[in-house]
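One-letter residues, chain by chain:
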Amino acid sequence: MKRQAASSGRKRARIPSGKAGAANGFLMEVCVDSVESAVNAERGGADRIELCSGLVEGGTTPSMGVLQVVKQYVQIPVFVMIRPRGGDFLYSDREVEVMKADIRLAKLYGADGLVFGALTEDGHIDKELCMSLIAICRPLPVTFHRAFDMVHDPMAALETLLTLGFERVLTSGCDISALEGLPLIKRLIDQAKGRIVVMPGLSDITVPPRKRVNESERVWGGITDRNLQRILEGSGATEFHCSARLARDSGMKFRGLTDTATDSEFLFRLMEAQSQTCIPQDSEEYYSLQCTSFYASPFYSLVL
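Along each chain, the written sequence defines residue order, and numbers are assigned to residues from 1. Where totals are concerned, whole chains, interfaces and linings use all residues; where local detail is concerned, this predicted model gives features only for residues with pLDDT of at least 70, and gives and counts side-chain atom pairs only at 80 or more. Calculation of side-chain values draws on the structure's entire complement of heavy atoms; hydrogens and water are dropped beforehand.

## Considerations on the environment of Gly54
Short version of the rule: Helix numbering and strand numbering both begin at the N terminus, where a helix is a DSSP run of H or I of at least 4 residues and a strand a DSSP run of E of at least 2. Only heavy atoms matter for contacts: two residues are in contact if any of them lie within 4.5 Å across the pair.
Relative to the assigned elements, Gly54 resides in the loop between β2 (48–51) and α3 (64–73). Along the sequence, Gly54 and Val32 sit 22 residues apart, while their C-alpha atoms lie 9.8 Å from each other. Apart from residues lying up to four places away in sequence, Gly54 is in contact with Gly59 and Thr60.

See the structure below:
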């Protein structure tokens, strides 16, 4: 029985991890849901990986088998998503038991950090639950994911995360994308004053196989090098989050489907472009750029 090769097409030279981002003064975290995407992310210059499953649901806890194998193939840090299901961020007692068990297992299998979030029914940070989860996570760093975009008061929620001890918070500025949420992201970063990393999440769409690359614009899943440049200049952020996925044709000859994976060349092209692209902030083009969001519903398709 013939199985799909680990990688298809021409061989790609490995790009030193973080080279493109570090050279331009920012760190790029890439969200992946497979071993292949993790390898591609590192090859493309990612500085850190957020490992999850179920990207269609916005990301859920990955299997420990995936984590174990990913750790064998990449050298950059791997932060593991802890989310027992898709949907909202209000968890039952049994779901909390699952989250705690998953944290312990993720640490056992080599996680370098954990990513989770929990809210109360009225849209505030669930301080009691987060505190108990953080205690299990230590000494590993913790990130509060884009449940943050569902909070009632973002500025107050940021202070709560600081008090609880989160090192990072992932957000699109409580809007459909980081570009639309840029004003709030800037306010959050100004308020944080370096006490916590505010990490814009670049929402991206999946590009069909026949429309993968427009070299003149460096289109990458609805996020262009120009969009990233605007967010870089407009927010003052030093870390970013994306998935850099491309649709691809299945290797199956009988009833083949289309799947997606992180593309290393696309990721590197986006990051490398920042050393070549700078749009004047007073230009018409700067204010007219649009960023396509991956998700339609803020609760059920949120890319965390």
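## Topic: the pattern of salt bridges
Basically, it comes down to this: The salt bridge criterion pairs a side-chain nitrogen of Lys or Arg with a carboxyl oxygen of Asp or Glu, the two atoms within 4 Å. Think of it in three bands: with a 1.4 Å probe and only protein chains considered, a residue is buried below 20% of the maximum accessible area for its type, exposed above 50%, and partly exposed in between.
Under the defined criterion, the tally for this structure stands at 10 salt bridges. For the salt bridge of Asp88 with Arg85, the shortest nitrogen-to-oxygen distance reads 3.0 Å. Residue classification places Asp88 among the partly exposed residues on the basis of a relative accessible area of 32%. Among the residues examined, Arg85 registers a relative accessible area of 22% and is labelled partly exposed. One salt bridge connects Arg195 with Glu159, and the closest N-O pair in it is separated by 2.9 Å. One end of the pair, Arg195, is in the loop between α7 (182–192) and β7 (197–200); the other, Glu159, is in helix α6 (residues 154–164), with 36 residues separating them in the sequence. Accessibility expressed as a relative area gives 28% for Glu159, which makes it partly exposed. Connected through salt bridges with shared partners, the residues Glu29, Arg48, Arg168 and Glu239 form a single ionic network.

## Thoughts on the pairing of strand β3 (residues 78–81)
Along any regular strand the residues' side chains alternate between the sheet's two faces. Stated formally: Pairing between strands requires that DSSP locate at least two bridges from one strand to the other. For the handedness criterion, the strands are oriented away from the viewer, and a crossover whose path from the first strand over the helix to the second runs clockwise is classed as right-handed.
Here β3 shows two buried faces, one formed by Val78 and Val80 and the other by Phe79 and Met81. Across 3 bridges, the pairing between β2 and β3 is parallel. Within β3, the residue paired with Leu51 across the bridge is Val80. In this view, the connection linking β2 to its parallel neighbour β3 by way of α3 has right-handed handedness.

## A short note on the nonpolar core
As a rule of thumb, nonpolar side chains are buried together in soluble globular proteins. Put simply, the rule reads: Definition of nonpolar core: a set of buried residues of the types Ala, Val, Leu, Ile, Met, Phe, Trp, Tyr and Cys, connected through side-chain atoms within 4.5 Å.
Formed by 66 residues in total, the largest nonpolar core has its most connected members in Ile49, Leu114, Phe116, Ile125, Phe144 and Phe166. In this view, Ile49 contacts Glu29, Val30, Val32, Ala38, Ala41, Val74, Ile76, Pro77, Val78 and Phe79; residues no more than four positions away in its chain are not counted. Ranked by size, the runner-up nonpolar core spans 6 residues in total, among them Cys31, Cys52, Phe79 and Met81.

## Points about the confidence of the model for the chain
Selection criterion: On a scale of 0 to 100, pLDDT captures the predictor's confidence in every residue.
In the predicted model, the chain carries a mean pLDDT of 77, and 65% of its residues have values of at least 70. Counting contacts from residues 204–223, a segment whose pLDDT is below 50, to residues more than four positions away or on other chains yields 64 contacts. Note on residues 277–303: pLDDT under 50 across the span, and 82 contacts to partners over four residues away in sequence or across chains.

## A short note on the sheet that holds strand β8 (residues 239–242)
Quick note on the threshold: Between N-to-C directions, angles cover 0 to 180 degrees, with each direction set by a line fitted to C-alpha atoms, over the stretch in contact for helices.
On the basis of which strands lie adjacent, the open sheet formed by 8 strands has the order β7-β6-β5-β4-β3-β2-β1-β8 and parallel pairing. Across the chains shown, the open sheet's two edge strands, defined by having one partner strand only, are β7 and β8. Here the strands of the sheet are splayed against their neighbours by 25 degrees on average, with no regard to which way each runs. Where strand β1 (residues 27–32) lies against β2, 4 bridges are found, and the strand directions are parallel. Looking at β2, one finds that Cys31 is bridged to Glu50.

## Topic: unusual backbone geometry
Between Arg138 and Pro139 the backbone carries a cis peptide bond, its omega angle lying at 15 degrees. Along the chain, Pro139 falls in the loop between α5 (127–137) and β5 (142–144). Residue Cys174 is not a glycine yet carries a positive backbone phi of 55 degrees. Locating Cys174 in the fold gives a position in the loop between β6 (168–171) and α7.

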